[in-house]
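# Topology and contacts: notes
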Protein chains: 2
Amino acid sequence: MKKLINSPETLVLEALDGMAAAHGDILRVHKDPNFITRASSPINGKVALLSGGGSGHEPMHGGFVGLGMLDAACPGAVFTSPTPDQILAATKAIDGGAGVLYLVKNYTGDVMNFEMAAEFAKGDGIAVESVVIDDDVAVKDSTWTAGRRGVGTTVLAEKICGGAAEAKLPLAEVAALCRRVNAQGRSMGMALTSCTVPHAGKPSFELKEDEMEIGVGIHGEPGRYRVKLEQADRIAEMLMQPILEDLPFKGGDNVLLFVNGMGGTPAIELYVVYRKAFEIATKHGLKIGRNLVGSYITSLEMAGCSITLLRLDDDMAPYWDAPVHTSALRWGA
Amino acid sequence: MKKLINSPETLVLEALDGMAAAHGDILRVHKDPNFITRASSPINGKVALLSGGGSGHEPMHGGFVGLGMLDAACPGAVFTSPTPDQILAATKAIDGGAGVLYLVKNYTGDVMNFEMAAEFAKGDGIAVESVVIDDDVAVKDSTWTAGRRGVGTTVLAEKICGGAAEAKLPLAEVAALCRRVNAQGRSMGMALTSCTVPHAGKPSFELKEDEMEIGVGIHGEPGRYRVKLEQADRIAEMLMQPILEDLPFKGGDNVLLFVNGMGGTPAIELYVVYRKAFEIATKHGLKIGRNLVGSYITSLEMAGCSITLLRLDDDMAPYWDAPVHTSALRWGA
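Residues numbered from 1 in each chain as written. Chains lettered and ligands numbered in written order. Predicted model: local features only at pLDDT ≥ 70, side-chain atom pairs only at ≥ 80, totals over all residues. Heavy atoms only, no water.

### Focus: helix α4 (residues 153-166) of chain A
All names here are of chain A. Taking 1.5 Å of rise per residue, 14 residues should cover 20 Å, and α4 covers 20 Å from first to last C-alpha, within 8% of that figure. Most of α4 is tucked away, with 13 of its 14 residues classed as buried. Immediately beyond the C-terminal end of α4, within one or two residues, lies Lys168, with a positive phi of roughly 70°. (Helix = DSSP H or I, 4+ residues; strand = E, 2+ residues; numbered from the N terminus. Expected span 1.5 Å × (residues − 1). Buried < 20%, exposed > 50% of the residue type's maximum accessible area, 1.4 Å probe, protein only.)

Below is the structure:
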């Protein structure tokens, strides 16, 4: 196992220390329990957004804490759900009186722990709404999931709902917006290589030198099928086809195309995939009005990519465009 | 060889098409010869910044074309210098009457081809200045280099000089600033794994499962030594020590700390390295006033990192902070 770490045990805490050292203008790192808030938390009268999940998907979620996006992120151990006490402590730290929205990726442990934290928080008088993101069209149920997995749309929901919260929309409206974003987003991913969870010390799965996994999950969970390696254009087709078949909207819309790297894929390759995905989407009658290209929801050093299509309604686009100032996503601020 | 490409022959052009499809608001892709300019080029009365080099180091340089940074980038084939005709055509496309500054990484082919292009451009009546970046403390001469290699400081020079050019400084002053940035920047890198150049189809070099290369070049060129894998803190020390020994400045300054991923390294690991590098720099009496953490000058999918320290003079810091709007680096715009 070749990694720039000191030990599997210290990895997450040391990375948090690094984030604190680098981004003190944006965020604060809290320990025991571990969570990241904005440097300016809590913000009076603004709905606070909280997300979290296993570590190993960076920059999601800690990299998205800041103006225009999240108020807090709760990192679990690598590929392990955060605990209810982390989520509860973060909830208390960011509530500015307007309530807290939980953005939860659909994995069984995450859903359960966010539910428990929500119960505790409500008991403490904090208004909480939860939205479960389940945009992955690859499989119906998965290793750690009842129902579809939550993947790329999570990043987009955090940005769009973050913009809505900055605009001081009330909790119920931000939550409703988040549900619409989730309902209109569809994703699918693939892997060229496995990743290695530090604690495990060996690859999560084995792919032969001429094989790839189509529909892979962000923890290396099995996808739809394992096939011979293909060229990038064919891979883009293999991801786009199931997404397009599942889309709840038709052509002519303002669609956001997100080509995401799994962690170990060079930017030059993501643009090769973007080129073909854009072509396929356009031929399908979709109008790509916004995009995102880069490694934003990753699986450690896994080589591969995912594609997300999201229809932007007229009220969503301005929130996508709105200023954001986080360590991983920044514009207009 | 597992890559998201269609063929080695089409990779660079298809990635350029992807960039054009994704970032039409920022840039224009020109073919035959290949170069990227801003969508707004040429800009009257502003010194134009041009850089380039082999592809495979993305987002450098194409990802840095836009407001506040480069006016043009000339991508060669993977790890291969751009040709004089590319550079000359880009020069003509971006000159707004105030001249063009070439930022050239110190590799023999790059230096030679930029020199030839500069001669041609001057013959066509365009004022050109060139600055060669040679900030890598690892080795004195290298596989493709007489003198030190140009690495991480290139990214910082492009940002700072880009800010100066937006402020309408004249060519001689932007060039002088660039020379000072280069003189005050020091870098060193390391690799956990090799990368595979698509045309070659096999790893550029072989590292055993328990080995790493300290002082590696961005094309996988040999560094100072190959040793057993160490923990991240020790690796940070092995990179920081030669940088600190070579620094042309003492403690108490406003220093920028740049921890760069080589392409295949997860963000979580870069923050572990940042944490230790920050600690070492601080103990050394340096005041880290700015930073950059991410994969900005890469070697395809190589796993590893580099560290750059740059002293920011009082006139440099505002240009670093100034608005930038490129596909890979964006703030305040």
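### Regarding the sheet that holds strand β8 (residues 211-214) of chain B
All names here are of chain B. Reading across from one edge, β9-β8-β7-β12-β10-β11 is the order of the six strands in this open sheet, with mixed pairing throughout. At either margin of the open sheet sits one strand with a lone partner, and together these are β9 (225-228) and β11 (287-294). Pairs of neighbouring strands in the sheet enclose a mean axial angle of 20°, with direction left out of account. Bridge analysis of β8 against β9 gives four bridges, and the strand direction is antiparallel. Of the residues in β9, the one forming a bridge with Glu211 is Lys228. (Pairing = 2+ DSSP bridges. Axes fitted to C-alpha atoms, helices over the stretch in contact; angles between N-to-C directions.)

### Focus: the interface of chain A and chain B
The interface is formed by 55 residues belonging to chain A together with 55 residues belonging to chain B. Surface buried jointly by chain A and chain B totals about 4500 Å² across both partners, of which 63% is contributed by carbon and sulfur atoms. By the criterion of area lost to chain B, the three top residues of chain A are A:Lys2, A:Leu4 and A:Ile268, representing 21% of everything that side buries. Where chain A meets chain B, there are two salt bridges. The salt bridge involving B:Glu14 is made with A:Arg275; its shortest N-O contact spans 3.6 Å. (Contact = heavy atoms within 4.5 Å. Buried area = accessible area lost by both parts, 1.4 Å probe. Salt bridge = Lys/Arg side-chain N within 4 Å of Asp/Glu carboxyl O.)

### A look at the packing of aromatic side chains
The description of an aromatic ring pair uses the distance of the two centres, along with the angle that the planes make with each other. Inspection of every chain in the model, using the stated rule, returns ten aromatic pairs over all chains. Their ring planes at 55° and their centres at 6.2 Å tell us that B:Phe258 and B:Tyr296 sit as a pair that is tilted. Of this pair, B:Phe258 sits in strand β10 (residues 254-261) while B:Tyr296 sits in the loop between β11 and β12 (304-311), and the two are 38 residues apart along the sequence. Note on accessibility: B:Phe258 and B:Tyr296 belong to one class, buried. Taken together, a centroid distance of 6.0 Å and an interplanar angle of 25° make the contact between B:Tyr274 and B:Phe278 stacked. Residue B:Tyr274 and its partner B:Phe278 are located together in helix α7 (residues 267-283), separated by four residues, close to a single helical turn. Among the aromatic residues, ring-to-ring pairing joins A:Phe64, A:Phe258 and A:Tyr296 into one connected group. (Phe/Tyr/Trp six-rings, centres within 6.5 Å; stacked < 30°, edge-to-face > 60°.)

### Considering the pattern of salt bridges
Scanning the model with the defined rule gives 44 salt bridges over all chains in all. Between B:Asp17 and B:Lys31 there is a salt bridge; the shortest N-O distance is 2.7 Å. With B:Asp17 in helix α1 (residues 11-22) and B:Lys31 in the loop between β1 (27-30) and β2 (35-38), the pair connects residues that are 14 residues apart, well separated along the chain. Judged by its relative accessible area of 29%, B:Asp17 is partly exposed. Note that B:Lys276 is salt-bridged to B:Glu279, the shortest N-O span being 2.9 Å. Of this pair, B:Lys276 and B:Glu279 both sit in helix α7, three residues apart, roughly one helical turn. Exposure remark for B:Lys276: the relative accessible area of 11% places this residue in the buried category. B:Glu279 gets classed as partly exposed once you look at its relative accessible area, which sits at 28%. One salt-bridge network, held together by shared partners, links A:Arg38, A:Lys46, A:Asp71 and A:Glu166.

### Topic: the environment of B:Gly289
All names here are of chain B. For Gly289, the position within the fold is in strand β11. Exposure remark for Gly289: the relative accessible area of 28% places this residue in the partly exposed category. It is 20 Å that separates the C-alpha atoms of Gly289 and Cys178, two residues lying 111 residues apart in sequence.

### Thoughts on the relation of the copies chain A and chain B
Overlaying chain A with chain B gives an RMSD of 0.0 Å, the required rotation being 180° about an axis along which the chain moves by 0.0 Å. Here the copies are linked by what is in effect a two-fold axis. Distance from the rotation axis, computed per C-alpha, reaches its smallest value in chain A at A:Gly264: 2.0 Å. Both copies contact each other with a shared surface, as 100% of the interface residues of chain A are interface residues in chain B too. (Least-squares fit on C-alpha atoms with pLDDT ≥ 70 in both.)

### Side note on the packing of helix α4 (residues 153-166) of chain B against helix α5 (residues 171-184) of chain B
Residues and elements named next belong to chain B. Contact geometry for α4 and α5: axes closest at 9 Å, N-to-C directions at 150°. Between α4 and α5, the interaxial angle falls into the category roughly antiparallel. As for the relative orientation of α4 and α5, their crossing is right-handed in sense. Mapping the contact onto sequence places Thr153, Ala157, Ile160, Cys161, Ala164 and Ala165 in α4 and Val174, Leu177, Cys178, Val181 and Asn182 in α5. Of the residues contributing to the contact of α4 with α5, the split by class is nine nonpolar, two polar and no charged. (Parallel < 35°, antiparallel > 145°, perpendicular 65-115°, else oblique. Left-handed = near helix turned anticlockwise from the far one by under 90°. Nonpolar A, V, L, I, M, F, W, Y, C, P; charged D, E, K, R; others polar.)

### Considering a nonpolar patch on the surface
All names here are of chain A. The grouping of Met112, Met116 and Phe120 at the surface amounts to a nonpolar patch, some 300 Å² of accessible area in total. With respect to the helices and strands, the residue Met112 is situated in helix α3 (residues 108-123). On the accessibility criterion, Met112 (47% relative accessible area) is partly exposed. (Patch = residues over 30% accessible without salt bridge, like charges linked within 9 Å, V, L, I, M, F, W, Y side chains within 5 Å. Areas by Shrake-Rupley, 256 points an atom, 1.4 Å probe, with all protein chains shown as cover.)

It is worth stressing that arrangement in space is one thing and function is another; only the former is reported here.
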